[in-house]
Amino acid sequence: MTEVSRRKLMKGAAVSGGALALPALGAPPATAAPAAGPEDLPGPAAAAAGRRPAPAPVHVTRSDPRYQGLISGSNQRWVGNPDYIRVVSSAGQVVRAVQEAVDKGLKIAVRSGGHCDEDFVANRDVRVVIDMAGMDSVTYDRERRAFAVGPGARLGTVYRTLYKRWGVVLPGGTCPTVGAGGHITGGGYGALSRSRGLTVDHLYAVEVVHVDARGRARKVVATREEDDPNRELWWAHTGAGGGNFGVITRYWLRSPDAVGDDPSTLLPAAPSEVLLSDVSWSWDDLDEASFTRLLRNFTEWHARNSAPDSPGRFLFSQLKTMHKAAGYFRMSTQVDAAAPDADRLLDDYLAAISEGTGVTYHVGDRYRAPWLYAVTEWSGFVEASVPRWKSKSAYVREVMPEEQLRAVYRQLTRDDYPGPYGMIAIVGFGGKINEVAPGDTATAQRDSIAKMLYCSLWSDPADDALHQRWIREAYEDVYASTGGVPRPGGVNDGCYINYADADLADPALNRSGIPWHELYFKGNYPRLQRVKATWDPRNVFSHRLGIRKP
């Protein structure tokens with residue numbers, strides 16, 4: 001995620017200014033499958049090729065003591081009961097695992113980091129989970145002039161390796177334990193995306209194990225090269241989300257404008273230092289007028305500062321408004337310290353957010369820090385977890401109207417909901433993200449200024465219904481004038497697939513008449529369907545928000 005973590009919430013900047021730790025939050029082209037890589041070869045052959053062989057796959061069944069620890073991900077609402085879990089360490093092992101499951105008629109799901117909001121992996125119908133934990137390498141591929149990233153690598157590992165070895169960055173989410181596998185293909189974003197684009201804007205190629213019309217598992221590579229016969233498969237992995245076309249076994253990353261073969265120039269340079277800010281507001285100081293002015297100021301600033309060449313693109317901010325039961329809420333901000341007059345940019349931003357509210361924020365953090373610390377350690381972004389959550393999302397294209405602002409206030413001040421970890425967050429977007437055309441990648445939302453994350457977090461399974469009811473009612477209230485969902489093409493522009501919300505595919509809960517796939521993919525959905533028909537004609541890979549064949 002950014003990605004305000006779906007599981008993660010707020011380090012408390014106590015209203016006194018101190019720190020208070022809070023728990024948070026057709027048939028495919030007839031191309032031969034590539035030869036097995038050295039990691040797929042037996043020991044002697046791998047050694048001869050100069051590579052160590054991959055560890056053997058791990059087969060975990062119900063009798064294995066590890067089974068209970070592997071049948072759910074981070075969101076403990078979802079617990080599966082697969083026949084077995086296969087922990088793989090190479091693409092060849094994935095091919096064999098997929099083929100075995102297909103031959104037996106067993107439904108497959110794939111896990112990388114395990115942060116899915118919904119039950120796409122821990123689903124009662126899934127019989128085989130392919131766990132990508134063993135495929136977590138981050139290396140430089142000289143032949144492709146690109147960085148090869150395994151889907152099981154956590155974002156924190158990706159950031160550390162790219163930075164320490166080459167000084168470059170993938171502009172991804174702010175939760176370091178999220179897996180690269182699902183994050184990248186959903187169009188991941190984070191604190192550097194306003195100045196450096198989405199993750200998929202730097203995706204050069206993807207290796208995928210898919211199943212053809214004859215039921216044969218095959219490994220293919222698809223690149224963004226215009227003459228690549230598999231190019232549409234690459235395109236589909238630039239925003240459709242995971243679990244649609246096959247098992248991703250490798251990403252290659254290189255910026256579109258990169259030239260030469262010096263690795264330090266092939267992805268954006270990482271900042272050496274960032275300016276961090278964390279401020280908070282007490283609910284005791286706020287009424288409807290001051291609260292709604294605060295949110296309006298946030299969207300007005302981003303409307304003025306979200307052009308691809310705006311100096312404001314070097315600032316990223318999360319306004320995480322929590323239910324009044326928490327007593328306060330926070331705004332965490334990062335500025336690239338190399339930006340022109342970075343301190344002035346931050347000062348002007350904080351003044352703009354506060355303008356006309358009549359209330360004063362309380363300063364928690366303000367200091368300069370190494371970028372690597374900020375992205376992997378800083379409590380403004382990286383926070384403690386809560387085991388159960390439900391999320392919803394929206395893109396914001398314009399300054400939020402009064403009716404939406406008042407609804408946010410109404411839902412966060414309800415007396416009948418006692419959840420201190422109920423949150424409606426608004427997060428900066430735009431900048432370089434909006435430099436890319438909607439059809440150039442599968443990520444169609446390319447003129448937004450912000451994203452919204454609706455999230456309720458809790459621990460006790462007995463409270464599931466209470467928290468789900470609140471978030472559903474809050475969402476429907478904010479978007480009441482557009483059918484209870486953030487209709488594309490107006491103030492809003494649909495939803496973000498990495499904040500998956502299966503409610504949108506349920507006609508009992510989405511009564512807007514707007515199909516779930518239009519909310520997520522807009523006009524790109526028919527093209528994604530054609531890719532689905534070509535590369536997964538037997539519908540081996542599916543879930544409740546999965547791409548359907550035409």
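Residues numbered from 1 in each chain as written. Predicted model: local features only at pLDDT ≥ 70, side-chain atom pairs only at ≥ 80, totals over all residues. Heavy atoms only, no water.

Thoughts on the pattern of salt bridges
Throughout the structure, instances matching the rule amount to 37 salt bridges. Notably, a salt bridge pairs Lys390 with Asp501, separated by 2.8 Å at the nearest N-O pair. Here the residue Lys390 occupies a position in strand E16 (residues 388-396), and Asp501 occupies one in the loop between helix H12 (464-478) and helix H13 (516-521), the gap between them amounting to 111 residues. The pair formed by Lys390 and Asp501 is uniform in burial state, with each residue classed as buried. (Salt bridge = Lys/Arg side-chain N within 4 Å of Asp/Glu carboxyl O. Helix = DSSP H or I, 4+ residues; strand = E, 2+ residues; numbered from the N terminus. Buried < 20%, exposed > 50% of the residue type's maximum accessible area, 1.4 Å probe, protein only.)

With respect to the UniProt feature "domain: FAD-binding PCMH-type" (unreviewed entry) in the chain
UniProt records the feature "domain: FAD-binding PCMH-type" (unreviewed entry) for residues 71-258 in the present numbering. As a span, residues 71-258 carries 22% helix and 23% strand, and end to end its C-alpha atoms are 41 Å apart. (UniProt positions renumbered as here; feature names shortened; annotations may be inferred.)

Considerations on the layout of surface pockets
Empty space within the second largest pocket amounts to approximately 480 Å³. For the second largest pocket, the lining is made up of 27 residues, of which Asp201, Ser255, Pro256, Asp257 and Val436 are closest to its centre. Listed by contribution, the elements that provide at least two residues to the lining of the second largest pocket are strand E9 (203-211) and helix H7 (231-236). Tallied by class, the residues present in the lining of the second largest pocket amount to 11 nonpolar, five polar and 11 charged. Viewed by domain, the lining of the second largest pocket spans two of them, domain 1 (54-270) and domain 2 (273-521), each represented by three or more residues. (1 Å grid on protein atoms, 1.4 Å probe; cavity = no way out; pocket = protein on both sides within 12 Å on 5 of 7 lines; lining within 4 Å. Points joined across faces, edges and corners; volume = space filled by probe spheres on them. Nonpolar A, V, L, I, M, F, W, Y, C, P; charged D, E, K, R; others polar. Domains from an automatic or database assignment.)

Some thoughts on the sheet that holds strand E5 (residues 108-111)
Taken in spatial order, the four strands line up as E3-E4-E6-E5 in an open sheet, and their pairing is mixed. Bordering the open sheet on either side are strand E3 (58-61) and E5, each of which pairs with just one other strand. Each neighbouring strand pair of the sheet contributes to a mean axis angle of 20°, computed without reference to strand direction. Where E5 meets strand E6 (residues 128-131), four bridges bridge the pair, whose relative direction is parallel. What sits directly across from Ile108, in E6, is Val128. The strands touched by helix H3 (residues 91-104) are strand E4 (84-87), E5 and E6; relative to E4, the strand with the most contacts, the crossing angle is about 160°. (Pairing = 2+ DSSP bridges. Axes fitted to C-alpha atoms, helices over the stretch in contact; angles between N-to-C directions. Contact = heavy atoms within 4.5 Å.)

Description of the domain arrangement of the chain
Annotation of the chain at the domain level lists domain 1 (54-270) and domain 2 (273-521). Look at where the C-alpha atoms of domain 1 and domain 2 centre, and you get two points 27 Å apart. Every contact between the two is made by 42 residues of domain 1 and, on the other side, 49 residues of domain 2. With both chains or domains summed, domain 1 and domain 2 bury close to 3600 Å², and 57% of this area falls on carbon and sulfur atoms. When the buried surface of domain 1 facing domain 2 is broken down by residue, Arg77, Tyr189 and Arg194 rank first, second and third, together holding 27% of it. Remark: the boundary between domain 1 and domain 2 carries four salt bridges. Among the salt bridges present, the one from Arg196 reaches Asp336, with a minimum N-O distance of 3.3 Å. (Buried area = accessible area lost by both parts, 1.4 Å probe.)

Considerations on the packing of aromatic side chains
Here the structure, examined in full by the defined rule, presents 27 aromatic pairs. Measuring from ring centre to ring centre gives 5.5 Å for Tyr163 and Trp371, while their planes differ by 50°; the resulting arrangement is tilted. A residue pair is termed long-range when its members are at least 10 positions apart, and Tyr163 in helix H4 (residues 155-166) and Trp371 in helix H10 (residues 371-376) qualify at 208 residues. Assessed through its relative accessible area of 2%, Trp371 is described here as buried. Each ring, one from Trp516 and one from Phe521, has its centre 6.3 Å from the other, and the planes form 75°; the classification is edge-to-face. By the burial criterion, Trp516 is buried, and Phe521 matches it. The structure contains a cluster of three or more aromatic residues connected by ring pairs, namely Trp281, Trp283, Phe291, Phe329, Tyr361 and Tyr409. In this structure, Arg144 packs its charged tip against the face of Trp252, placed 4.5 Å from the ring centre. The ring of Tyr204 is capped by Arg254, whose NZ or CZ atom sits 4.1 Å from the centre of that ring. (Phe/Tyr/Trp six-rings, centres within 6.5 Å; stacked < 30°, edge-to-face > 60°. Lys NZ or Arg CZ within 6 Å of the ring centre and 35° of its normal.)

Focus: the pairing of E4
Neither face of E4 is open: one carries Tyr84 and Arg86, the other Ile85 and Val87, and all of them are buried. Across four bridges, E3 lies against E4 in antiparallel orientation. Bridge pairing links Thr61 to Tyr84 in E4. Looking at chain direction, E4 and E6 are connected through four bridges and run parallel. Note that in E6 the partner of Arg86 across the bridge is Ile130.

With respect to the sheet that holds strand E11 (residues 247-253)
Strand order in the open sheet formed by five strands is E7-E8-E11-E9-E10, and the pairing between neighbours is antiparallel. Sheet topology places strand E7 (138-141) and strand E10 (217-223) at the edges, where each strand pairs with a single neighbour. Ignoring strand direction, the axes of neighbouring strands in this sheet form an average angle of 25°. Here E7 pairs with strand E8 (residues 146-149) via four bridges, running antiparallel.

Some words on the pairing of strand E17 (residues 422-428)
For E17, the buried fraction is high: seven of the seven residues fall into the buried class. The alternating pattern of E17 places Gly422, Ile424, Ile426 and Gly428 and Met423, Ala425 and Val427 on opposite faces, both of which are buried. By the bridge criterion, seven bridges tie E17 to strand E18 (residues 450-458) in an arrangement that is antiparallel. Each bridged residue has a counterpart across the sheet, and for Gly422 the counterpart in E18 is Ser456.

Description of unusual backbone geometry
The phi dihedral of Asp341 is positive, around 50°, even though this residue is not glycine. Tracing the chain through its elements places Asp341 in the loop between strand E14 (328-336) and helix H9 (342-354). The phi dihedral of Asn539 falls on the positive side, at around 55°, and the residue is not glycine. Residue position: Asn539 is located in the segment after helix H14 (525-535). Taking relative accessible area as the criterion, Asn539 reaches 37% and is therefore assigned partly exposed.

Concerning the nonpolar core
Counting residues in hydrophobic clusters, the biggest one holds 128 residues, and the most contacted among them are Trp281 and Met452. The dominant element in this core, judged by the number of residues it contributes, is H9, at seven residues. Other than its neighbours up to four places away in sequence, Met452 contacts Lys392, Ser393, Ala394, Val396, Met400, Val408, Ile424, Ala425, Ile426 and Tyr479. Membership of the second largest hydrophobic core comes to 19 residues, among which are Leu106, Val209, Val247 and Phe541. (Core = buried A, V, L, I, M, F, W, Y, C linked by side-chain atoms within 4.5 Å.)

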